[in-house]
Amino acid sequence: MTEIAISTEKLTRQFGALTAVDAMDLRVQAGQFFGFLGPNGAGKSTTIKMLTGLLAPTSGRMELLGLDFQSHPVEVKRQIGVVPEGMGLFERLTGPEYLRFVGRMYGLDKAITEKRSDELLEFMQLADREKTMIADYSHGMQKKLALAAAVIHGPRILFLDEPFEGVDAVGARLMKDILLDQVRRGATVFLTSHVLEVVRQAHEELRQLMRQRADIMKRIGTVKQTIVGLANLFGDDILSEELLELVDRKTNGRQPGFTKACRMILMEAQKSLSAREVCEQIQQRMPPVLVRHKDPLASVTTVLNRLVEYGEARSVLRENGRRAWEWVSDPAEDSSKMARA
Ligand SMILES: Nc1ncnc2c1ncn2[C@@H]1O[C@H](COP(=O)(O)OP(=O)(O)OP(=O)(O)O)[C@@H](O)[C@H]1O
Ligand SMILES: [Mg+2]
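Residues numbered from 1 in each chain as written. Chains lettered and ligands numbered in written order. Predicted model: local features only at pLDDT ≥ 70, side-chain atom pairs only at ≥ 80, totals over all residues.

Participant: Mind laying out the pairing of strand 2 (residues 18-29), listing which residues take part and the relevant values?
Facilitator: Across 8 bridges, the pairing between strand 1 (residues 4-15) and strand 2 is antiparallel. The residue of strand 2 that forms the bridge with arginine 13 is valine 21. Here strand 1 folds back onto strand 2 in antiparallel fashion, the turn holding 2 residues, of which glycine 16 has a positive phi close to 60°. (Pairing = 2+ DSSP bridges. Helix = DSSP H or I, 4+ residues; strand = E, 2+ residues; numbered from the N terminus.)

Spelled out as structure tokens, the structure:
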């Protein structure tokens, strides 16, 4: 089941007679890059303020990371980062002072706070302005600093209210890189914009990133196949410890040769095979591998289940109701997740 990062139930906020947010039901999956769009006055900022505890809802419920916000405000706030509309920076501090303050406030260790703060300032190209008070920063510089402060503690959800507003192309590029980095490490990003183009572009970049990741995963699969093939030709002794780890992942496998044989049969088949068929092929092609197995069929089934656990194979149901296994050629299916974001 996919984890839900944000969910609201009939979330409502009124300002006197005006209903800014009206009974909103929202569900955002963990790891998603979520664009919250709408024209001026639609209630985007009001929603973000409620979701980050800056504004109390008039009625309704909200859950973040499975925790009820109203009853666990501190636990929730510790795990989120926010760049609010007005940024909320302490203008009498310098950039480094501010980031150090925020890091310490989140309970980060002093050394880690300083290291992250220096890295972020460097990355945002603010390092050379270390003596400038935030009040004297330009608008774009303030936006970049606000984002740095929002990610310093490694939040699980990042809320951004119009983050690119008034930021130049170079600054926006740097900010997007930070956002991609957050998504890459599994965080959820919730971003508001009244500029559809901004969100569309960010989504496209993320999709490309995920596609690249799928390619990399495919290449790892190919390397593994090659190693297994070589071992099959030249015998196990070509497998160094390192290679064994690559092929087997878990080094405590009692009979790596046996696992390898099952894996190879499955890889080469390019279709689903029942445990019996895998067993028969091993018997035909590599009979010595089976020697120590009193009940080869049961052993093959055990190994096939383990491959499913490793994410290398999947189990499918055939028309006759019998279970079969097939090799997972492309283990990264995340791209489809992004496509839905
Ligand atoms: N503190 C407040 N007091 C009274 N009305 C408010 C307050 N904050 C927001 N509103 C009203 O609530 C509505 C939604 O405002 P909100 O700032 O959430 O919109 P938005 O979608 O963020 O707009 P924008 O794209 O301009 O940032 C507006 O009609 C606004 O006037
Ligand atoms: Mg707004």
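Participant: Quick one: what's the story with the packing of helix 3 (residues 95-105) against helix 5 (residues 139-151), residue by residue and with numbers?
Facilitator: For the pair helix 3 and helix 5, the least separation of the axes is 9 Å and the interaxial angle reads 25°. As judged from the angle between their axes, helix 3 and helix 5 are roughly parallel. Like other packed secondary-structure pairs, helix 3 and helix 5 cross with a definite hand, here right-handed. Where helix 3 approaches helix 5, its residues Gly95, Tyr98, Leu99 and Val102 are matched on the opposing element by Leu145, Ala148 and Ala149. (Axes fitted to C-alpha atoms, helices over the stretch in contact; angles between N-to-C directions. Parallel < 35°, antiparallel > 145°, perpendicular 65-115°, else oblique. Left-handed = near helix turned anticlockwise from the far one by under 90°. Contact = placed C-beta atoms within 7 Å.)

Participant: Give me the site of ligand 1: which residues, what numbers.
Facilitator: Around ligand 1 lies a shell formed by Phe15, Leu18, Ala20, Gly38, Asn40, Gly41, Ala42, Gly43, Lys44, Ser45, Thr46 and His194. Every element with two or more residues in the shell around ligand 1 is listed here: strand 2 and helix 1 (44-51). In terms of residue count, helix 1 provides more of the shell around ligand 1 than any other element does, 3 residues in total. (Near = placed C-beta within 6 Å.)

Participant: Please set out the packing of helix 3 against helix 4 (residues 110-123) residue by residue, giving values where relevant.
Facilitator: Helix 4 packs onto helix 3 with a crossing angle of 135° between their chain directions and a minimal axis gap of 9 Å. Viewed along their axes, helix 3 and helix 4 adopt a mutual orientation that is oblique. In terms of crossing hand, the pair formed by helix 3 and helix 4 is right-handed. Across the interface between the two elements, Gly95, Pro96, Leu99, Arg100, Gly103 and Arg104 of helix 3 pack against Thr113, Glu114, Arg116, Ser117, Leu120 and Leu121 of helix 4.

Participant: Tell me about the sheet that holds strand 5 (residues 67-68), residues and numbers included.
Facilitator: The strand order across the open sheet formed by 4 strands is 2-1-4-5, and the pairing between neighbours is antiparallel. If you trace the sheet from one side to the other, it starts and ends with strand 2 and strand 5, each paired once.

Participant: How would you explain helix 3 if you had to name every residue and give the values?
Facilitator: Taken residue by residue, helix 3 has Gly95, Tyr98, Leu99, Arg100, Val102 and Gly103 as its buried positions. On the buried face of helix 3, the contacting elements are helix 4 and helix 5. In the segment just after helix 3, glycine 107 is the residue with positive phi, at about 85°. (Buried ≥ 20, exposed ≤ 12 C-beta atoms within 10 Å, placed from the backbone.)

Participant: Lay out the sheet that holds strand 7 (residues 157-161) with the relevant residues and their values.
Facilitator: Pairing is parallel in the open sheet, where 4 strands are placed in the order 3-8-7-6. If you trace the sheet from one side to the other, it starts and ends with strand 3 (33-37) and strand 6 (80-83), each paired once. Taking each pair of neighbouring strands and ignoring which way they run, the sheet shows an average axis angle of 15°. One ladder, built from 5 bridges, connects strand 3 with strand 8 (residues 188-193); its direction is parallel. Considered in strand 8, the bridge of leucine 37 is made with serine 193.

Participant: Any details on the nonpolar core? Residues and values, ideally.
Facilitator: Ranked by internal contacts, the top residues of the largest apolar core, which has 47 residues, are Ala148, Ala149, Ile157, Phe159, Val189 and Phe190. When near neighbours in sequence (up to four residues on either side) are disregarded, alanine 149 contacts Tyr98, Leu99 and Val102. Counting residues in hydrophobic clusters, the runner-up holds 20 residues, among them Phe258, Cys262, Val300 and Val303. (Core = buried A, V, L, I, M, F, W, Y, C linked by C-beta atoms within 7 Å.)

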